[in-house]
There are 2 protein chains.
Amino acid sequence: MMKKGSVTIKDIALELGISVSTVSRALADNPLVKPATRQAVKELAKKYNYRPNFTALSLRNNRTRTIGIIIPQLVHEFFSMVIRGIEDFAYSNGYNVIISSTHESYEREVIDTKALINGRVDGLLACVSKSTTNYDHFKEFAERNLPLVFFDCICDEIDSPKVVLDDFEAGYQATQHLVETGCTQIAYVGGPINLQINQDRFGGYKKALNEAGLALNESWIKHCETGDYDDGSESVRDMVAARSIDGLFAGTDMLAIGAIKTMKKAGLQIPKDVAVVGFSNWSIGTIYEPSLTTMSQPGYEMGQKAAELLIQQIDNPDKKLTDTFTLHSELIQRESTQR
Amino acid sequence: MMKKGSVTIKDIALELGISVSTVSRALADNPLVKPATRQAVKELAKKYNYRPNFTALSLRNNRTRTIGIIIPQLVHEFFSMVIRGIEDFAYSNGYNVIISSTHESYEREVIDTKALINGRVDGLLACVSKSTTNYDHFKEFAERNLPLVFFDCICDEIDSPKVVLDDFEAGYQATQHLVETGCTQIAYVGGPINLQINQDRFGGYKKALNEAGLALNESWIKHCETGDYDDGSESVRDMVAARSIDGLFAGTDMLAIGAIKTMKKAGLQIPKDVAVVGFSNWSIGTIYEPSLTTMSQPGYEMGQKAAELLIQQIDNPDKKLTDTFTLHSELIQRESTQR
DNA sequence: TTGTAAGCGTTATCAC
DNA sequence: GTGATAACGCTTACAA
């Protein structure tokens, strides 16, 4: 009885001896349809577990009610919160979500973006990867008048809404906290400096040092390639050997923990000898010993806001948005700066 | 010139004064098309950055070349490796991937599964959530002859291929390692016991104790709700207070680390007083002090295999597969059992 | 109250 | 070589 694939309105129409349009109308609760007909249709639809074909609907309506997410990593507490924020907002507005993880690869980002350019999604939320320097794929997206919103790692060359964290302010706060803790020789270890977010965190660091009248020492500044644990433990080797620093602002929690490990191994005590502030508030920071002072990153809010801006644009294509929304970070004090 | 949305073959046909069929053929490199025509079409297509409409193609071909993934969590090193394995296999076979993260919620799993039942994907890879006990949504999927493959947390009630880890063997190995280390009072702390994987790990534990002639002590056995850090630190409180155990097999690395934290706080030394084996080989296990002995989980291979089985079924719907593929875990020795 | 037909973008099957 | 035309599943004027 039931076809191999799934049931269509045609099947229902056929079985009931009526036309597909009537079936369609009945299912849409169109009041024109005779109650008896409607009921018959609905019963059969239920019996066969009818579900409207997604692809046909998309083609018909010229919209997929799906938004795409281009994101560099999945196993990442911040990004994961962003995704949850996006999903929650999207679902409650009737949108689905396709996630493409680029694994920080430019090539993958290009492939994934182009795969979404052909009517698969109604709009795109993107966080550019560490290795991206050419933005043509995003430009092509935007040129088709497909709504596009950047979050966190943005692309300045494109005129679309952006949601960012005030990384400058956060870097400033983190460093100032070290100053207040009594540090005078404060090092900086951060992620790839080609990324705006890292330039900003570093900028905040410099401003705080400057304001405190502390000198900037080039040998205490490391821009790492990845922001990972290994980079962190490597980055501070020289400073540790020289016993030269008493404070460290790390651009990620993993850098911070890598650095702490190296320092502990060298016999330094944290926070007594060196106070450390990380960035992102990863859960490992509460587990590690000492627990890690860090800057919060409101990922959920960022995701929600980005989704909101995107869906606004999808629903209202003429009113072009180009604003940048800025979220703020907060200091979370734990043992690594508790003197 | 260019339409607001994106360019279609109709636009190209119109501009060139030829028919859509010719354009379609030219783009498909059909040898019947006159070279000059083909070139003209291709040039215009390139100029306008033509991309075939995904939705139209899907409807036409009755296939989306997309596979869905239902997975309980994203921020999870094992699942993340599974996803990478799936993605790599899928991409290299011309498939795209839609990921739905259920956040271990049954409701979300039902919604997400049903959202993929309507022709959106050609098949589904699923790992059932901790809270799922009713499998009707998956059954509905299977009843439509949509290919379905389970991985890791499987559903036995459905007759479809499955890819699993030999959790029993792994639990056995982990416990046996503790025995070999010299432990005689070995506790078990694991995740939700309604999940088959946890029953198996626990089963392996019991077998190893049994073989070693060690007694099973009920007060040393804890089935936690989540498998998280907090559960871990809570679970061992009594045993620690009683100073009763000298070995611990934890069903997840986070449980292990939570437990270690509690024990360290109570003045116990790891591994001297209590040796600990975790499960899953999360990266935190290399960073934590002491570094954690654990069981590997070949997530990438699992993802690849699951994707392979699924795509095999999609490409060959008649040959129904129902086998279960079993992967194996390996012991990774680190400090937490080094005596 | 219901049916017919057009159309969303594409390709395959016929004609010519 | 190329052009109509039908079809994928659905909705919606328009007709009846």
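Residues numbered from 1 in each chain as written. Chains lettered and ligands numbered in written order. Predicted model: local features only at pLDDT ≥ 70, side-chain atom pairs only at ≥ 80, totals over all residues. Heavy atoms only, no water.

Novice: Any details on the nonpolar core? Residues and values, ideally.
Specialist: With 131 residues, the main nonpolar core has Phe151(A) and Phe151(B) as its most contacted residues. Excluding residues within four positions of it along the chain, Phe151(A) makes contact with Ile69(A), Ile70(A), Ile71(A), Val82(A), Ile86(A), Leu125(A), Ala126(A), Cys127(A), Val163(A), Met302(A) and Ala306(A). Counting residues in each nonpolar core, the second largest holds 54 residues, with Leu248(A), Ile270(A), Ala250(B) and Leu292(B) among its members. (Core = buried A, V, L, I, M, F, W, Y, C linked by side-chain atoms within 4.5 Å. Buried < 20%, exposed > 50% of the residue type's maximum accessible area, 1.4 Å probe, protein only. Contact = heavy atoms within 4.5 Å.)

Novice: Which residues make up the sheet that holds strand β1 (residues 66-71) of chain B, and what values do they have?
Specialist: Two orientations exist for strands paired in a sheet by backbone hydrogen bonds: parallel and antiparallel. Residue and element names in this part refer to chain B. Taken in spatial order, the 6 strands of this open sheet run β2-β1-β3-β4-β5-β11, and their pairing is parallel. The sheet terminates laterally at β2 (96-101) and β11 (324-327), the two strands that pair on one side only. Each strand axis lies, on average, 15° off the axis of its neighbour in the sheet, ignoring direction. Two strands pair when backbone bridges link them, and β1 and strand β3 (residues 123-126) are joined in this way by 4 bridges, in the parallel orientation. Looking at the pairing, Ile 67 lines up with Gly 123 of β3. (Pairing = 2+ DSSP bridges. Helix = DSSP H or I, 4+ residues; strand = E, 2+ residues; numbered from the N terminus. Axes fitted to C-alpha atoms, helices over the stretch in contact; angles between N-to-C directions.)

Novice: Outline the pairing of strand β8 (residues 247-250) of chain A, supporting the account with residue identities and numerical values.
Specialist: Residues and elements named next belong to chain A. Residues Gly 247 and Phe 249 point to one face of β8 and Leu 248 and Ala 250 to the other, with burial holding for every one of them. Relative to strand β9 (residues 275-277), β8 runs parallel, the two being bridged by 3 bridges. Residue pairing across strands places Leu 248 opposite Val 276, the latter belonging to β9. Handedness of the β-α-β unit built from β8, helix α12 (residues 253-265) and β9 comes out right-handed. (Right-handed = clockwise from strand over helix to strand, strands pointing away.)

Novice: Could you give me a rundown of the packing of aromatic side chains, with the residues and numbers involved?
Specialist: If you walk through the whole model with that rule in mind, you get 14 aromatic pairs over all chains. Seen in terms of ring centroids, Phe202(A) and Tyr205(A) are 5.9 Å apart; in terms of plane orientation they differ by 20°. Their pairing is stacked. With a gap of 3 residues between them, Phe202(A) and Tyr205(A) both fall in helix α9 (residues 196-211), about one helical turn apart. One exposure class covers both Phe202(A) and Tyr205(A), and it is buried. For the pair Tyr188(B) and Tyr205(B), a centre-to-centre distance of 5.3 Å together with 40° between the ring planes defines the contact as tilted. Of this pair, Tyr188(B) sits in strand β6 (residues 186-190) while Tyr205(B) sits in helix α9 (residues 196-211); the two residues are 17 residues apart in sequence, bridging distant segments of the chain. The pair formed by Tyr188(B) and Tyr205(B) is uniform in burial state, with each residue classed as buried. Cluster of aromatic residues (ring-pair linked, three or more members): Tyr188(A), Phe202(A), Tyr205(A), Phe249(A) and Phe279(A). The cationic tip of Arg65(A) hangs over the ring face of Tyr95(A); the distance from NZ or CZ to the ring centre is 4.6 Å. Over the aromatic face of Phe54(B) sits the side chain of Arg120(A), whose NZ or CZ is 3.9 Å from the ring centroid. (Phe/Tyr/Trp six-rings, centres within 6.5 Å; stacked < 30°, edge-to-face > 60°. Lys NZ or Arg CZ within 6 Å of the ring centre and 35° of its normal.)

Novice: Could you give an account of the sheet that holds strand β9 (residues 275-277) of chain B, with specific residues and numbers?
Specialist: Residues and elements named next belong to chain B. Taken together, 4 strands build an open sheet; the order of strands is β7-β6-β8-β9 and the sheet is parallel. Each having just a single partner strand, β7 (221-223) and β9 make up the two edges of the open sheet. Looking at each pair of strands side by side, their axes are set apart by 15° on average, direction ignored. With 3 bridges joining them, β6 and β7 adopt parallel strand pairing. For Gly 190, the partnering residue across the bridge sits in β7 and is His 223. Running over the sheet, helix α8 (residues 167-181) touches β6, β8 (247-250) and β9 and is turned about 165° from β9. Helix-sheet contacts for α9 involve β6, β7 and β8, and the interaxial angle to β6 is about 175°.

Novice: Describe the state of the cysteines, with residues and values.
Specialist: Note: disulfide means a covalent bond formed between the sulfur atoms of two cysteine side chains. All names here are of chain B. Going through the model one piece at a time under the given rule, you end up with 0 disulfides over all chains. With no disulfide of its own, Cys 183 lies closest to Cys 224 among cysteine sulfurs, the gap being 19 Å. Note on Cys 183: relative accessible area 2%, which makes it buried. (Disulfide = S-S within 2.5 Å.)

Novice: Give a detailed account of the relation of the copies chain B and chain A, specifying residues and quantitative values.
Specialist: Once chain B is rotated about the relating axis by 180° and shifted along it by 0.0 Å, it coincides with chain A to within an RMSD of 0.1 Å. Those values place the two copies in the arrangement expected of a two-fold rotation axis. Closest to the rotation axis within chain B is the C-alpha of Val75(B), separated from it by 2.3 Å. Mapped onto chain A, 98% of the interface residues of chain B again fall at the interface, so both copies present the same surface. (Least-squares fit on C-alpha atoms with pLDDT ≥ 70 in both.)

Novice: Describe the protein's contact with DNA strand C, and please don't skip the residues or the numbers.
Specialist: For DNA strand C, the set of nearby residues contains 25 residues, the closest of which are Ser21(A), Thr22(A), Arg25(A), Thr37(A) and Arg60(B). In DNA strand C, the atoms that sit within 4 Å of the protein are 61% sugar and phosphate, with bases accounting for the remainder. Between DNA strand C and the protein, one listed contact pairs a base nitrogen with a side-chain N or O atom of Arg60(A) at 2.9 Å. Contributions of two or more residues to the surface near DNA strand C are made by α2 (20-27) and α4 (54-61) of chain A together with α1 (9-16), α2 (20-27) and α4 (54-61) of chain B. (Near = heavy atom within 4 Å. Polar contact = N/O pair within 3.5 Å; in protein donor to acceptor, adjacent residues only side chain to side chain.)

Novice: Residue-level account of helix α6 (residues 106-115) of chain B, with values.
Specialist: When we look at burial in α6(B), the residues that qualify are Arg108(B), Glu109(B), Val110(B), Asp112(B) and Thr113(B). Those residues of α6(B) hidden inside the fold are in contact with α5 (77-92) of chain A together with β1, β2, β3 and α7 (136-143) of chain B. For α6(B), the N-terminal capping position is held by Ser105(B), with its side-chain oxygen 3.3 Å away from the main-chain nitrogen of Glu107(B).

Novice: Please provide a residue-by-residue account of the domain arrangement of chain A, values included.
Specialist: Assigned domains within chain A: domain 1 (9-52), domain 2 (63-165 + 299-327) and domain 3 (167-297 + 331-337). Distance from the C-alpha centre of domain 1 of chain A to the C-alpha centre of domain 3 of chain A: 65 Å. (Domains from an automatic or database assignment.)

Novice: Can you explain the interface of chain B and chain A? Please cite residues and give values.
Specialist: At the junction of the two partners, chain B supplies 55 residues and chain A supplies 55 residues. Taking both partners together, chain B and chain A bury about 4,500 Å²; carbon and sulfur atoms supply 53% of that area. Counting across the interface, chain B meets chain A through 10 salt bridges. The interface formed by chain B and chain A contains 22 residue pairs in polar contact (both at pLDDT 80 or more). Listing elements by their share of the side of chain B that touches chain A, those giving two or more residues are α4, α5 (77-92), β2, α6, α12 (253-265) and α13 (284-287) of chain B. When residues in the side of chain B that touches chain A are grouped by element, the largest group, 7 residues, is from α5(B). Residue composition of the side of chain B that touches chain A, by class: 22 nonpolar, 18 polar and 15 charged. (Buried area = accessible area lost by both parts, 1.4 Å probe. Salt bridge = Lys/Arg side-chain N within 4 Å of Asp/Glu carboxyl O. Nonpolar A, V, L, I, M, F, W, Y, C, P; charged D, E, K, R; others polar.)

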